[in-house]
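For reference, the chains in residue letters:
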Amino acid sequence: MTPVRFPDPPDGFGWQPLGPGEPLEVLASRRFPALHGFTCRVRTRQPDASYLGIRDRMEGDLGLLERAAGIQAVHALRQVHGNDVQVLRSAARPGAPAVGDALVTRIPGTAVAIKAADCVPVLLADPVSGAVAGAHAGWRGTLARVVDAAVRALAAEAGAPPSRLRAVIGPAIRACCFEVGPEVVSAFRAAGHDVDRFAVRPQAAGRPHLDLVLANRLQLLAAGLPEHTIEDTGLCTRCEPAFHSYRREGPGVGRNWSVVVAGTPTA
Ligand SMILES: [Zn+2]
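A brief report on the enclosed structure follows. (Residues numbered from 1 in each chain as written. Predicted model: local features only at pLDDT ≥ 70, side-chain atom pairs only at ≥ 80, totals over all residues.)

### Digging into the sheet that holds strand E10 (residues 166–169)
Piece 1. Read from one edge of the open sheet, six strands run E5-E6-E9-E8-E10-E13, paired in mixed fashion. Two strands lie at the open edges of the sheet, namely strand E5 (85–87) and strand E13 (230–232), each paired on one side alone. The mean angle between the axes of side-by-side strands here comes to 15°, regardless of whether they run parallel or antiparallel.
Piece 2. Relative to strand E6 (residues 102–105), E5 runs parallel, the two being bridged by three bridges. Bridging across to E6, Val87 finds its partner in Val104.
Piece 3. Each of E5, E6, strand E8 (120–125) and strand E9 (132–137) is contacted by helix H3 (residues 146–158), which is oriented at about 170° to E9, the strand it contacts most.
Piece 4. Against the sheet, helix H5 (residues 212–223) contacts E8, E9, E10 and E13, and its axis sits at roughly 25° relative to E8. (Pairing = 2+ DSSP bridges. Helix = DSSP H or I, 4+ residues; strand = E, 2+ residues; numbered from the N terminus. Axes fitted to C-alpha atoms, helices over the stretch in contact; angles between N-to-C directions. Contact = placed C-beta atoms within 7 Å.)

### Looking at the nonpolar core
Piece 1. The biggest cluster of nonpolar side chains holds 81 residues, and the ones touching the most others in it are Leu124, Ala133, Ala150 and Leu154.
Piece 2. For this core, the element with the highest residue contribution is H3, accounting for nine residues.
Piece 3. Setting aside chain neighbours within four positions, we find Leu154 in contact with Val104, Leu124, Asp126, Ala131, Ala133 and Leu165. (Core = buried A, V, L, I, M, F, W, Y, C linked by C-beta atoms within 7 Å. Buried ≥ 20, exposed ≤ 12 C-beta atoms within 10 Å, placed from the backbone.)

### A closer look at the pairing of strand E7 (residues 110–116)
Piece 1. A large share of E7 lies buried, amounting to seven of its seven residues.
Piece 2. Of the two faces of E7, the one holding Thr110, Val112, Ile114 and Ala116 and the one holding Ala111, Ala113 and Lys115 are both buried throughout.
Piece 3. Where E7 lies against strand E14 (residues 256–261), six bridges are found, and the strand directions are antiparallel. Paired with Ala116 across the strands is Asn256, a residue of E14.

Below, the structure written as structure tokens:
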């Protein structure tokens, strides 16, 4: 097994333990007001560290996330590339995961875990109520405005104006690597997205590339989050071998976890 090189964190981010429990190194923002992190292919940078995000071991990963964060319940979804938002009403993890692409919780000590391998993970938090959300936005979810739906649901659950919410965007495929067919650009245009702002054509004769992160940033801004409350890891999953990437590895690829834990209200 070749050791995984952890990519240098961008300004304002660092690799650090998720929590006080079992060692799990995650990329986290130093400013985001909730316990959170983005995993890579392995648990730690020790040469013998075991892998995580392996496709058929997702249930086991949730237990690891719980032990690492030192909390009782990490909730995941059966993600379907749509825009349905689920709101957690009970701390106990159900037998089968709820279906949707965004999850909100204001139950202190419960967490949301989003899995993605190129799709854009967006974590949200309200610093006052402690409520948090996670959203999974591939191109279909972005087209369907799942991040906008997540902001609205979190604001309602938290009793917060969207301007009070914070966001952090995890490792995802970036415009450098996300080539799409012209029909995808057309679908965004038909759905009323300002696609000319986030579709680029690196070569005059080539196929378009989408900047899905920018598309989701535009949704956050339009939903009412101020520019300075939106952070971005800036990392491309396809360029950085530390992360699972569908475009690089194909079907059967693992998933990167993005996890955020609800806190106790401060007011
Ligand atoms: Zn790239």
